[in-house]
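Single-letter residue listing:
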Amino acid sequence: MKTTPSLRAIAAAVCVLAMPLSVQAQASLPASAAATAAKSAAKPVPTLKRYELQTNIVDGKMVFVDAKGQVNPVLAANVGDTVELVLKSGEGAEHDLLIPELNVASSKFSANSGSTSVRFKVTRAGTFTYYCSIPGHRQIGMEGKLEVAGTSLAEAGAPKAAAAGAASESGQAAALALYTPAPSPMRGPDPSAVSVAANPASVPAAIAARAPQTLKYRMETVELPGKLDDGTSFTYWTFNRQVPGPMLRAKVGDTVELTLFNARDSKMIHSIDLHAVTGGHGGGQHTQVAPGQEKTVTFKALNPGLFVYHCATPLVPQHIAAGMYGMILVEPEGGLSKVDREYYVMQGEMYTGRPHGAPVHQEPNLEKMANELPDYYVFNGEVGALSKTHKLQAKVGETVRIYFGVGGPNKISSFHIIGEIFDKVYSEGSISSPKHDVQTTLVAPGGATIVELKVQHPGSYLLVDHALSRAGKGAVGVLEVTGDPVPGVYHAGAVQ
């Protein structure tokens, strides 16, 4: 049987139509493979990214610096990379590094402990913040960014449905909550805490008439647990283990050589800025001292007056609130008039994590400090410093001089003695023009005054800040006066 031409034509047509389909299918295979290869080639190959960061103080801020000298550098990585951070303290203080969103935390490191490192694999894309978690360090500049490019591993191949997106966001929120550091656990008062309250009677002797001299002072900065209140302790930062630091005394024209040593076991850098100094940020520029080191500055006492000194290391208000303040008296050419007793008193405020009076070891609260919401107001560093630990003493008929200053860091004091009147007030620490017959005198944070009073009646006289709510937070002292009353000055009851 012969095939009809019509059937041959149909078969040929079928073959012709079939051949392009086969060729097209075969051609599509290498194209798909090429696309897959191209896609694979475009995907970054996981690598090890190694960064070396050293801490330092730059332009008054504490920062991380990389090997090129870049401050708080932006670190870069791709999803899947392993990142290694090598960390070293360049200025001596204790630090760490956290990236909470990636659950990354280094161990603490300092000049004493040497360098440390932390290694982690990056599984999420995005921009993340790295910072030092030591209180105050992030606030003064120790933070930077880690930028991670690519697609988060958890998202690779995931459906793009709205439900899946919501689940992803929920998971990320849970992860962020997991990575957020927990607040410091509450612990009881430190059993090793000691009183840091400076004895108000520890005033250097008056300077006799003499030619200008060179005076040499050496001070040590010490961090130690101290008694804040009955059953409450606090880690103080101090000059010479006391609050306020030792009172210094000089005379106009004297040259003062001051050496500042930072105890080896300190975790922080410390310094000193004296308001009596001209130049060098009051000495603070050249006395940034790492643990175990010392530095010396020399200055001339140009102006008479009573001047505050304090630590000038960032975060400055944190160092001051922890107890790092004191005063220096520069006597005028002829000296001060002779009095029977001299006392040294300074007011400060403290910002703590737990309420006033909590039976715990208090930790500093920097948010309260920034918002100027103190939990404690203290004279000479602790509650009861001038009513229990030390009292000011005098006898009827004596003239008492009080060198009074405010460390702060934030609040003005309205200094007043209940039941007495200041016969003389050297406002703002200026000795040249005293005021007379003053009831209450304002003293700015970082400011000082000198008050004199002749006591004429026995009794317990209360030193207060006349913003009297502060008395309930600790700002109370006692001047105990003994002896026979001066007739007619005061009598309980009607005139006899």
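The paragraphs below set out a description of the structure included in this document. All values reported here derive from a predicted model rather than from experimental measurement. (Residues numbered from 1 in each chain as written. Predicted model: local features only at pLDDT ≥ 70, side-chain atom pairs only at ≥ 80, totals over all residues. Heavy atoms only, no water.)

### Examining the overall build of the protein
For the protein, the count of helices and strands is four helices and 29 strands. For the protein, with 496 residues in total, the buried portion stands at 46%. For the protein, long-range pairs separated by at least 24 residues make up 72% of all intrachain contacts whose partners lie at least 6 apart in sequence. When the accessible area of the protein is evaluated, it comes to approximately 24100 Å², of which 56% is carbon and sulfur surface. (Helix = DSSP H or I, 4+ residues; strand = E, 2+ residues; numbered from the N terminus. Buried < 20%, exposed > 50% of the residue type's maximum accessible area, 1.4 Å probe, protein only. Contact = heavy atoms within 4.5 Å. Areas by Shrake-Rupley, 256 points an atom, 1.4 Å probe, with all protein chains shown as cover.)

### A look at the side chain of Lys411
Position of Lys411 relative to the elements: it lies in the loop between strand E22 (399–408) and strand E23 (413–418). Glu372 provides the closest opposite charge to the buried, unpaired Lys411, separated from it by 4.0 Å. Reaching out from Lys411, the side chain makes a polar contact with the backbone oxygen of Glu372 at a distance of 3.2 Å. Those residues in contact with Lys411 that lie beyond four places of it in its chain are Glu349, Glu372, Pro374, Tyr377, Val406, Pro445 and Arg470. (Lys, Arg positive; Asp, Glu negative; His and termini not counted. Salt bridge = Lys/Arg side-chain N within 4 Å of Asp/Glu carboxyl O. Polar contact = N/O pair within 3.5 Å; in protein donor to acceptor, adjacent residues only side chain to side chain.)

### Brief notes about the sheet that holds E22
Read across the open sheet, the six strands follow the order E20-E18-E22-E27-E24-E25; overall the sheet is mixed. Looking at which strands have only one partner, the edges of the open sheet turn out to be strand E20 (376–379) and strand E25 (435–438). Each adjacent strand pair in this sheet contributes to an overall mean axis angle of 25 degrees, direction not counted. Note: strand E18 (residues 341–350) against E22, eight bridges, orientation parallel. In the strand pairing of E22, Gln347 is matched with Val406. (Pairing = 2+ DSSP bridges. Axes fitted to C-alpha atoms, helices over the stretch in contact; angles between N-to-C directions.)

### Structural notes on the pattern of salt bridges
Scanning the model with the defined rule gives 18 salt bridges in all. A salt bridge links Glu52 to Arg50, with the shortest nitrogen-to-oxygen separation between them at 2.8 Å. The partly exposed category is assigned to Glu52, whose relative accessible area is 42%. Here Asp465 and Arg470 are joined by a salt bridge, their closest N and O atoms 2.8 Å apart. Each of Arg249, Glu331, Glu342, Arg401 and Glu452 takes part in one network of salt bridges that share partners.

### What to know about the packing of aromatic side chains
Enumeration according to the criterion identifies six aromatic pairs in this entry. Seen from their ring centres, Phe404 and Phe415 are 3.9 Å apart, and the 10 degrees between their planes marks the pair as stacked. Residue Phe404 is found in strand E22, and its partner Phe415 is found in strand E23; the two are separated by 11 residues along the sequence. Of the residues examined, Phe404 reaches a relative accessible area of 0% and is grouped as buried. Taking relative accessible area as the criterion, Phe415 reaches 0% and is therefore assigned buried. Aromatic pair Phe415 and Phe422: ring centres 5.7 Å apart, planes at 20 degrees, arrangement stacked. (Phe/Tyr/Trp six-rings, centres within 6.5 Å; stacked < 30°, edge-to-face > 60°.)

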